[in-house]
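Listed below are the residues making up each chain.
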Amino acid sequence: MSVQQDQTQGSTGVTIESVIDSIFVPGTNADGDANANDPLIRIPKVREMGRDTEGFKECYVPKIVSIGPYYSGDPRFQLFEQRKPVFAMSLLSGNKETLRRLYNKLFEMVEELRSFYAKDSTTKFCDKVFTKMMLLDGCFILHCIGILHEDILQWIKPEEIDLIHYRDFLLLENQIPFKVLTEVMKLLNKENYLDKIQSLHVEPKPEAMDTKPDHLLHLLHILHTGKVKHSKNHKSRIIEYRCNFRNVSDLVDLGIHFKPSDSMSFAHFVFSKGWWGFSPIVKLAPLAVNDGARVRLLNLAAYEICSRNKELWVSSYITLLDSLIDDTADVKLLRKAWVLEIYNMGSDEEVSKLFNGIGKELYMNRAYTEVMQDIQRHYGSLRNRLLSQLKHEYFRSPWAIFALLGALMALFLTGVQTYYAIWSPKGTCDDLCMFLNRNHHL
């Protein structure tokens, strides 16, 4: 769906692009890059190791729109690049003075904004061009999210909105600093945007955040890795990760139940034995699995690795599901337990292949391995195996339970009969019988 000429041109024949260019004076080259001295890049590029995995490369590349410097100028995304001035003027209600103030504010921050990106990745943009890119991308993001305007469908197809919201906006290499979005919203006196952005990706509404996000993908990472207190000191010792259970089905056969945790945080992975070990439960953060899950999870994991995140909650969650899911039976069990909420996926087999594919080259953190060791100890216990065998043999169906009760009743009555036959007290009838036995010859 293309932008109509009357949407981009006023009655005087002056295009929106020309209005913006009259404010931004483009240049050619920048003198340097401010991120050269920053040891931690907040919007890094995906490492080649992650890209080399078969089928993964496309998961880090935009489909429709480029955001930020990494894919700027790519001919594949020129259609939406041409639409960005339209969105900017629409978001700012056509107010050129507001546009100029926003540009000047971002221009003051240009060195800080450059420092978010990998070294030398922004040197081809002079400060004015880089500032213009930040402004147009920031306005485009906020307009597409639909915070201020509901007329977005006249410019973008519904299927394009989903690709932009739940894919392109969440790619590690397709980000702009969150500070740009903050400045746009401050200028428009609309600072309640954060809750609306969060509601696009996490339900129910998450708790207030202590950390300020660096970009949209970082925001999603914060929402999925909220703080969870762990009682154990994970730095105290090295844990060997050795388990001989194969999958969810093995654990369910042993009587272990899976349940979704109350928290959306991937940091919430708990194993509890229940009452005397008779009702063990594994609690996991529920996960919505749809067409965009593969891209979303891989980019979150890539962000953790590239940003030197030591906790690796997303990577641990993916690795856990990879280790627990072998086939469709495991997916079905997790789906019935509401740990996996599957949308728009063709079959359980596709979900199984999804996690077995993206779990490659990822690892569990220490907190996850400790919980896995607790599960292994329960799984390896002879007592628990005997109890599990008893449950499967005699409690698998109502008829089996009735048969067990009948057998126990028959055994009880036989025992009572035997007892009274051997140790029953003498009565008057016994004396009569003894008399007749002594005198039977008469």
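For the structure itself, look to the data block above.
Every value quoted in this text rests on a predicted model; they were computed, and no experiment measured them. (Residues numbered from 1 in each chain as written. Predicted model: local features only at pLDDT ≥ 70, side-chain atom pairs only at ≥ 80, totals over all residues. Heavy atoms only, no water.)

K.L.:
If you had to explain the sheet that holds strand β2 (residues 270-272) to someone new, which residues and values would you point to?
P.N.:
The three strands lie next to each other as β1-β3-β2, forming an open sheet whose pairing is mixed. The open sheet has two edge strands with one neighbour each: β1 (257-260) and β2. Each adjacent strand pair in this sheet contributes to an overall mean axis angle of 25°, direction not counted. Across three bridges, the pairing between β2 and strand β3 (residues 281-284) is antiparallel. (Pairing = 2+ DSSP bridges. Helix = DSSP H or I, 4+ residues; strand = E, 2+ residues; numbered from the N terminus. Axes fitted to C-alpha atoms, helices over the stretch in contact; angles between N-to-C directions.)

K.L.:
Tell me about the pattern of salt bridges, and please be specific about residues and values.
P.N.:
In the structure shown here, the tally under the stated rule is twelve salt bridges. Residues participating in the shared-partner salt-bridge network are Glu81, Lys84 and Asp137. (Salt bridge = Lys/Arg side-chain N within 4 Å of Asp/Glu carboxyl O.)

K.L.:
Help me get a handle on helix α9 (residues 178-187), residues and values and all.
P.N.:
For α9, the set of buried residues is Phe178, Val180, Leu181, Glu183, Val184 and Met185. Of the residues trailing α9, asparagine 189 is marked for its positive phi of about 55°. (Buried < 20%, exposed > 50% of the residue type's maximum accessible area, 1.4 Å probe, protein only.)

K.L.:
Hey, could you go over the packing of aromatic side chains for me, with residue numbers and the actual values?
P.N.:
Tallied over the entire structure, the rule returns eleven aromatic pairs. Taken together, a centroid distance of 4.1 Å and an interplanar angle of 20° make the contact between phenylalanine 266 and tyrosine 317 stacked. In this pair, phenylalanine 266 is assigned in the loop between β1 and β2 and tyrosine 317 in helix α14 (residues 313-324), connecting sequence segments 51 residues apart. We note that phenylalanine 266, like tyrosine 317, is buried. A network of ring pairs unites the aromatic residues Phe80, Phe87, Phe140 and Phe169 as a single cluster. (Phe/Tyr/Trp six-rings, centres within 6.5 Å; stacked < 30°, edge-to-face > 60°.)

K.L.:
Give a description of the pairing of β3 that names residues and reports values.
P.N.:
Where β1 and β3 come together, four bridges link them in parallel fashion. Each bridged residue has a counterpart across the sheet, and for proline 260 the counterpart in β3 is leucine 284.

K.L.:
Any details on the nonpolar core? Residues and values, ideally.
P.N.:
If you look at soluble globular proteins, the nonpolar side chains tend to sit buried side by side. Grouped together as the largest cluster of nonpolar side chains are 59 residues, with contacts concentrated most on Phe258, Leu340, Phe355 and Ile375. With nine residues, helix α13 (residues 293-306) is the single largest residue contributor to this core. By size, the runner-up hydrophobic cluster in this structure holds 50 residues, among which are Phe80, Leu102, Met133 and Leu216. (Core = buried A, V, L, I, M, F, W, Y, C linked by side-chain atoms within 4.5 Å.)

K.L.:
Describe the packing of α13 against helix α16 (residues 348-358), listing the residues and the values that go with them.
P.N.:
Axis separation between α13 and α16 bottoms out at 11 Å; the angle between their running directions is 20°. In terms of orientation, α13 and α16 fall into the roughly parallel class. Every pair of crossing elements has a handedness; the one defined by α13 and α16 is right-handed. Between α13, through Ala293, Arg294, Leu297 and Leu298, and α16, the contact on the second element is made entirely by Leu354, Phe355 and Ile358. Of the residues that constitute the contact of α13 with α16, the class distribution is six nonpolar, no polar and one charged. (Parallel < 35°, antiparallel > 145°, perpendicular 65-115°, else oblique. Left-handed = near helix turned anticlockwise from the far one by under 90°. Contact = heavy atoms within 4.5 Å. Nonpolar A, V, L, I, M, F, W, Y, C, P; charged D, E, K, R; others polar.)

K.L.:
Outline the packing of helix α15 (residues 328-336) against α16, listing residues and values.
P.N.:
As a packed pair, α15 and α16 sit with axes 8 Å apart at the nearest point and diverge in direction by 100°. Here α15 lies roughly perpendicular to α16, going by the angle between them. Across the interface between the two elements, Thr328, Val331, Lys332 and Arg335 from α15 touch Asp348, Glu349, Val351 and Ser352 from α16.

K.L.:
Could you give an account of the side chain of glutamine 376, with specific residues and numbers?
P.N.:
Counting through the fold element by element, glutamine 376 comes out in helix α17 (residues 366-380). You can call glutamine 376 buried: its relative accessible area is 15%. Within the structure, the side chain of glutamine 376 is placed 2.9 Å from the side chain of asparagine 244, a separation counted as a polar contact. Excluding anything up to four places from it in sequence, glutamine 376 contacts Arg242, Cys243, Asn244 and Phe245. (Polar contact = N/O pair within 3.5 Å; in protein donor to acceptor, adjacent residues only side chain to side chain.)

K.L.:
So, the environment of glutamate 341: which residues are in play, and what are the values?
P.N.:
Within the element layout of this structure, glutamate 341 appears in strand β5 (residues 340-342). Sequence separation between glutamate 341 and valine 289 is 52 residues, and the spatial gap between their C-alpha atoms is 5.9 Å.

These figures come from the coordinates and say nothing about function on their own.
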